[in-house]
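These are the residues of each chain, in order.
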Amino acid sequence: MTRNPLKAEIHCHIEGAAPPALAAAQASRYGVDTSHILRDGAYVWSDFSEFLVCYDAVAALFKTAEDYALLTETYLNELAAANTIYSEIIVSPDHGDRIGLGADAYLAGISDGIRAAREKTGIEARIIVTGERHFGPDRVISAAEYAARAGNPLVTGFNMAGEERMGRVGDYARAFDIARDAGLGLTIHAGEVCGAFSVSDALDLVRPSRIGHGVRAIEDPAVVERLVELGTVLEVCPGSNIALKVFPDFESHPLKVLRAAGVRVCLNSDDPPFFHTSLEREYEIASGEMRLSDDEIDAMTRTALEAAFVDEETRARLL
Ligand code: ADE
Ligand code: ZN
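Along each chain, numbering runs from 1 in the same order as the chain's sequence is written. Chains carry letters and ligands carry numbers; both start at the beginning, A for chains and 1 for ligands, and go up in the order they are written. Residues qualify for local features only when their pLDDT is at least 70, as the model is predicted, and side-chain atom pairs are given and counted only at 80 or more; totals for whole chains, interfaces and linings, by contrast, use all residues.

Asker: With reference to specific residues and values, describe the sheet that holds strand S10 (residues 264–267).
Answerer: If you walk across this open sheet you meet the eight strands as S1-S4-S5-S6-S7-S8-S9-S10, and the pairing is parallel. At either end of the open sheet lies a strand with only one pairing partner, and these are strand S1 (7–13) and S10. When strand polarity is set aside, the average angle formed by the axes of neighbouring strands in this sheet is 25°. The pairing of strand S5 (residues 124–132) with strand S6 (residues 155–161) spans six bridges and is classified as parallel. For Ile128, the partnering residue across the bridge sits in S6 and is Gly157. Once C-beta atoms have been placed from the backbone, residue pairs whose C-beta atoms lie within 7 Å are recorded as contacts. Axes, fitted as lines to C-alpha atoms, cover a helix only where it is in contact. Angles between the N-to-C directions of the axes lie from 0 to 180 degrees. By the criteria applied, helices consist of DSSP H or I runs no shorter than four residues and strands consist of E runs no shorter than two, each listed in order from the N terminus. The strands that helix H3 (residues 65–81) touches are strand S4 (84–91) and S5; relative to S4, the one it contacts most, it runs at about 150°. Strand contacts of helix H6 (residues 137–149): S5 and S6, with the helix running at about 150° to S5, the strand carrying the most contacts. Paired strands, as defined in this entry, are two strands with at least two bridges between them according to DSSP.

The following block contains the structure:
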């Protein structure tokens, strides 16, 4: 019998978890033409910029708190069925605002979905509020201010996603200062579309305990060494990296090399149906294509839980 390891992930975007069939059902319910983003039951995009456009268009198909509750519960139930005990969901209040739902109702729907899945399956989940870099520094700061005053016990972290090539990390540093002062855990997308300098900037200017992706740190041994020294956890998403052509194939993906160098790494799905993956598939890739041992796989699950933005009592129960 094949092994079904215990799983945890700390990097999945909520709209990025929408199965194409659910997006199609939402579109027909709201009478939205999706021929430019959905074809033959799959999302349509060809590079990172198009992926972001497609993502934003899919996000616009979820219009009510109930839509978001359904999306969240569906995703978490699926994770739980694959032996996953913990998930951190990246949410963007701007997406709630953009469809006229508002950030409060958006967050309330996602929180309801988390509670429903926990009741049904026992899975624990937390919310990481994100600013979208391509919406500009002011929106990212607003997202941080929103996270800081959300007063929602499920909101435990702050992130920045989106177009990494837009501006420099320093343009967004104030957002992270606001989130840090509010006691939120910090993580940031860096070293995915941009090179090792982006990881270095993030370490200097944001001082996060984790980095989303961070895999292009491999291009500079000094940056890899800094990650090791600081104990920064990389939220690695191999399937996403291959789909977005950050690396040509799993053979050349640096997960194993980074791990061997002493960087703390864990496995994540990012936007699973967009990249034809799932958390379960990421674990299969790690043990299959990447040839990591069972012990190495289990260590990555532990790393995700150690790095999770969660209270110590819950962490102790999960570990
Ligand atoms: N938003 C959703 N997925 C993303 C990714 N892989 N990189 C940056 N922003 C994102
Ligand atoms: Zn991401």
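Let us keep going from here.
Asker: How would you summarise the pairing of strand S8 (residues 210–213) if you had to cite specific residues and measurements?
Answerer: As defined by bridge partners, strand S7 (residues 185–190) adjoins S8 across four bridges and the pair is classed as parallel. Paired with Ile188 across the bridge in S8 is Ile211. By convention, orient the strands away from the viewer: a clockwise path from the first strand over the helix to the second makes the crossover right-handed. Taken together, S7, helix H8 (residues 196–205) and S8 form a β-α-β motif whose crossover is right-handed. Direction of pairing for S8 relative to strand S9 (residues 233–236): parallel, over a ladder of three bridges. Counted as the bridge partner of Ile211 is Leu234 from S9. Note that the unit made of S8, helix H9 (residues 221–230) and S9 has a crossover that is right-handed.

Asker: Quick one: what's the story with the packing of H8 against H9, residue by residue and with numbers?
Answerer: Working note: a packed helix pair is described by the angle between its axes plus the distance between those axes. Remark: H8 packs on H9, axes separated minimally by 10 Å, with the N-to-C direction vectors making an angle of 35°. The interaxial crossing formed by H8 with H9 has left-handed handedness. Residues Ala196, Val199, Ser200 and Leu203 of H8 lie in contact with H9, whose contacting residues are Val223, Arg226 and Leu230. Here the contact of H8 with H9 is built from residues that sort into five nonpolar, one polar and one charged. Less than a right angle of anticlockwise turn of the near helix away from the far helix marks a crossing as left-handed, whereas a clockwise turn marks it as right-handed. Side-chain classes are defined by residue name, with Ala, Val, Leu, Ile, Met, Phe, Trp, Tyr, Cys and Pro counting as nonpolar, Asp, Glu, Lys and Arg as charged, and the others, Gly among them, as polar.

Asker: Tell me about the environment of Arg3, residues and numbers included.
Answerer: You can see Arg3 is positioned in the segment before S1. Separated by 236 residues in the primary sequence, Arg3 and Gly239 place their C-alpha atoms 20 Å from one another.

Asker: Please give an account of the site of ligand 1 that cites residues and values.
Answerer: Taken together, the residues surrounding ligand 1 are His13, Gly16, Tyr55, Ala161, Gly162, His189, Glu192, Ser240, Asp270 and Asp271. Per-class residue counts for the shell around ligand 1 are two nonpolar, five polar and three charged. We call a residue near a molecule or strand if the C-beta atom, set from the backbone, is within 6 Å of it.

Asker: Go over the UniProt feature "site: Important for catalytic activity" (unreviewed entry) in the protein chain, please, and point to the residues and values.
Answerer: UniProt positions are given in the numbering used here, feature names are shortened, and annotations may be inferred rather than shown by experiment. Within this structure's numbering, the places UniProt gives as "site: Important for catalytic activity" (unreviewed entry) are His213. Checked against the element boundaries, His213 lands in strand S8. Exposed residues have 12 or fewer other C-beta atoms within 10 Å of their own C-beta, buried residues have 20 or more, and residues in between are partly exposed; the C-beta atoms are placed from the backbone. We classify His213 as buried; it has 27 C-beta atoms within 10 Å.

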